[in-house]
Amino acid sequence: MANLFLKQSKQYVVARPGYPEKLFQFIASKAAAHDLAWDVGTGSGQAARPLAEIFKNVVATDTSQKQLECAPKLPNVRYVHTPAVLTIPEIEQKLAPKSSVDLVTIAQALHWFDLPSFYEQVKWVLKKPNGVIAAWCYTVPRVNNTVDTVFDRFYSIDVEPYWEPPRKLVDNKYSTIDFPFEPVSGEGNTGPFEFATEILMGLDDFFTYIRSWSAYQTAKDKGVELLNEDVMEQFKQAWNVDGGDGQKVVNYPINLRIGIYAVGRPGYPEKLFQFIASKAPAHDLAWDVGTGTGQAARSLAEIFKNVVATDTSQTQLECAPKLPNVRYVHTPAVLTIPEIEQKVLAPKSSVDLVTIAQALHWFDLPSFYEQVKWVLKKPNGVIAAWCYTLPRINNNVDTLFDRFYSIDVEPYWEPPRKLVDNKYSTIDFPFGPVSGEGSTGPFEFAAETLMGLDDFFTYLRSWSGYQTAKDKGVELLNEDVMEQFKQAWNVDGGDGQKVVNYTIYLRIGRVGN
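Residues numbered from 1 in each chain as written. Predicted model: local features only at pLDDT ≥ 70, side-chain atom pairs only at ≥ 80, totals over all residues. Heavy atoms only, no water.

**Some points on the sheet that holds strand β3 (residues 77-81)**
Overall, mixed pairing links the 7 strands, which are arranged β3-β2-β1-β4-β5-β7-β6 in an open sheet. Strands with a single pairing partner mark the edges of an open sheet, and in this sheet they are β3 and β6 (193-201). In this sheet, neighbouring strand axes are inclined to one another by 20° on average, regardless of whether the strands run parallel or antiparallel. Where strand β2 (residues 57-62) and β3 come together, 5 bridges link them in parallel fashion. Bridged to Val59 within β3 is Arg78. (Pairing = 2+ DSSP bridges. Helix = DSSP H or I, 4+ residues; strand = E, 2+ residues; numbered from the N terminus. Axes fitted to C-alpha atoms, helices over the stretch in contact; angles between N-to-C directions.)

**Here's the deal with the nonpolar core**
Judged by nonpolar contacts, the single largest core of 59 residues is most densely connected at Trp386, Leu460, Trp463, Phe485 and Leu506. The element contributing the most residues to this core is helix α18 (residues 395-409), with 6 residues. Listed in part, the 56 residues of the second largest apolar core include Ala107, Met201, Ile210 and Val231. (Core = buried A, V, L, I, M, F, W, Y, C linked by side-chain atoms within 4.5 Å. Buried < 20%, exposed > 50% of the residue type's maximum accessible area, 1.4 Å probe, protein only.)

**Focus on the pairing of β2**
Within a regular beta strand, the side chains point alternately toward one face of the sheet and then the other, so they alternate between its two faces. Of all 6 residues making up β2, 5 are buried, and the element is well covered by its neighbours. The sheet contact formed by strand β1 (residues 36-40) and β2 spans 5 bridges and is parallel. Counted as the bridge partner of Leu36 is Asn57 from β2.

**Structural notes on helix α7 (residues 115-125)**
With 8 of its 11 residues buried, α7 lies for the most part within the structure. Listed in full, the buried residues belonging to α7 are Leu115, Phe118, Tyr119, Gln121, Val122, Lys123, Trp124 and Val125. Contacts made by the buried residues of α7 are with β1, α6 (88-94), β4 (103-107), β5 (132-138) and α20 (453-461). (Contact = heavy atoms within 4.5 Å.)

**Details of the packing of aromatic side chains**
Under the definition given, this model contains 51 aromatic pairs. Ring plane angle 85° and centroid distance 5.6 Å describe the contact between Phe404 and Phe485, whose orientation is recorded as edge-to-face. Note that Phe404 is positioned in helix α18 and Phe485 in helix α22 (residues 479-489), a separation of 81 residues in sequence. For Phe404, a relative accessible area of 3% translates into the label buried. The buried category is assigned to Phe485, whose relative accessible area is 1%. With centroids separated by 5.8 Å and ring planes inclined at 80°, the aromatic side chains of Tyr459 and Tyr502 adopt a geometry described as edge-to-face. Of the two residues, Tyr459 is situated in helix α20 and Tyr502 in strand β14 (residues 498-510); the sequence distance between them amounts to 43 residues. Tyr502 matches Tyr459 in its accessibility class, with the two residues each being buried. Looking at Arg167, its charged tip hangs above the ring of Trp163, at a distance of 4.3 Å from the centre. (Phe/Tyr/Trp six-rings, centres within 6.5 Å; stacked < 30°, edge-to-face > 60°. Lys NZ or Arg CZ within 6 Å of the ring centre and 35° of its normal.)

**Points about the packing of helix α10 (residues 203-211) against helix α12 (residues 229-239)**
Interaxial distance between α10 and α12 falls to 11 Å at its minimum, and their mutual angle equals 135°. Judged by the inter-axis angle, α10 sits oblique to α12. Crossing handedness for the pair α10 and α12: right-handed. For the pair formed by α10 and α12, the contact residues are Leu203, Phe206, Phe207, Ile210 and Arg211 on the first element and Met232, Phe235, Lys236 and Trp239 on the second. Looking at the contact of α10 with α12 residue by residue, the class counts come to 7 nonpolar, no polar and 2 charged. (Parallel < 35°, antiparallel > 145°, perpendicular 65-115°, else oblique. Left-handed = near helix turned anticlockwise from the far one by under 90°. Nonpolar A, V, L, I, M, F, W, Y, C, P; charged D, E, K, R; others polar.)

Written out as structure tokens, the structure is:
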């Protein structure tokens, strides 16, 4: 890819639009800290410069030495010429240690990357759990109707054969690009979010911009001059149709994908929430109990007008996505009915749905169910509680995992874990079946997530059983165990990401009168 831009590095610097301040303000507001940013494919440093005004340090990398030579020299920006393919050890040696980067940015370049390999590197280098990745592209420029008509014909007919296939991802505004990350705080999805930038150009500047395209260079290498005399004359006439041949405001739409890398626990599938919501009497108010980092609350917020999400851990709540219709409340381990009315701000018989994700087995059930029956609408308010059991990857990893789980970890689980192992089939659940169902479950759903081996170890370390062992001076993931997992993980010849499958078991019921 870099070779496409080598021959026009200086044109690229002069002709490409800058990026608006609002874009960087938005991105920076989503980063948990402003210590270190990595700008990948920095080119001539157009994004590195504004990042340097916000972050203490910026590492800006590119495969083109010529473009880097055109970048602005700033005291807190370190430019690094890298090969097209970087390994994790090279990143650690040349760029940054593991889990040390607050923000990774990619401006007008993500579509050129080997995405699975690159995303593995991003997940390795970003801080956990809320390091941010932001990638944006700009699409075709807009000048005025006359120029745009000539440009669109030129772009879609003359230039089209010379674009590399990844250009389609830009034409689609990055909406179809693979982006396996979670929404940042305050957003319900990863975009694309729209921004706009503009630049003053004369006609010669506009031609320089076109010549900076990789497709223009590809055509030229094949002996085709896309900006021939006839084409340039058509542009000239369109440019001057309003009586002026001077500078014009050229607008570029920018489309941003932004997300966080949240590891440790799988997400929940859309089908689960669709099923639950279809059983609720209305979609006015949901209460998500034991919300943790808000995994369920985010999905509920797309369906319900308002969501109250409560947890006993303030630390976890601080990692939850901030959404306009979700109110997070830090609560004590034991809530009374008056506290529910006061803190949850839900009067008696006012809640359509109560959800509990992977947490019901820890509760004082008689007391909690009394609260649920008080707060739910009568008679059809719904309670939905689910758990997921052991992950499944492949025979080699699963065999090792099952032995680790049933022998090494077993002594450190609290007794309520048995309710999860039994798929919530034996948990006390004194509610009637919802409409259309003959029982309260458990009903099965499937979820999957992509994990590297380090992610898998992070998941294991998130277990309460692991933490209990650690508190007793036992390291369950000792060197021998980790080596065994590594060998099992790599037995197919690949040490990268794997699809990890989880089965989810749902109990759902209605409160009755």
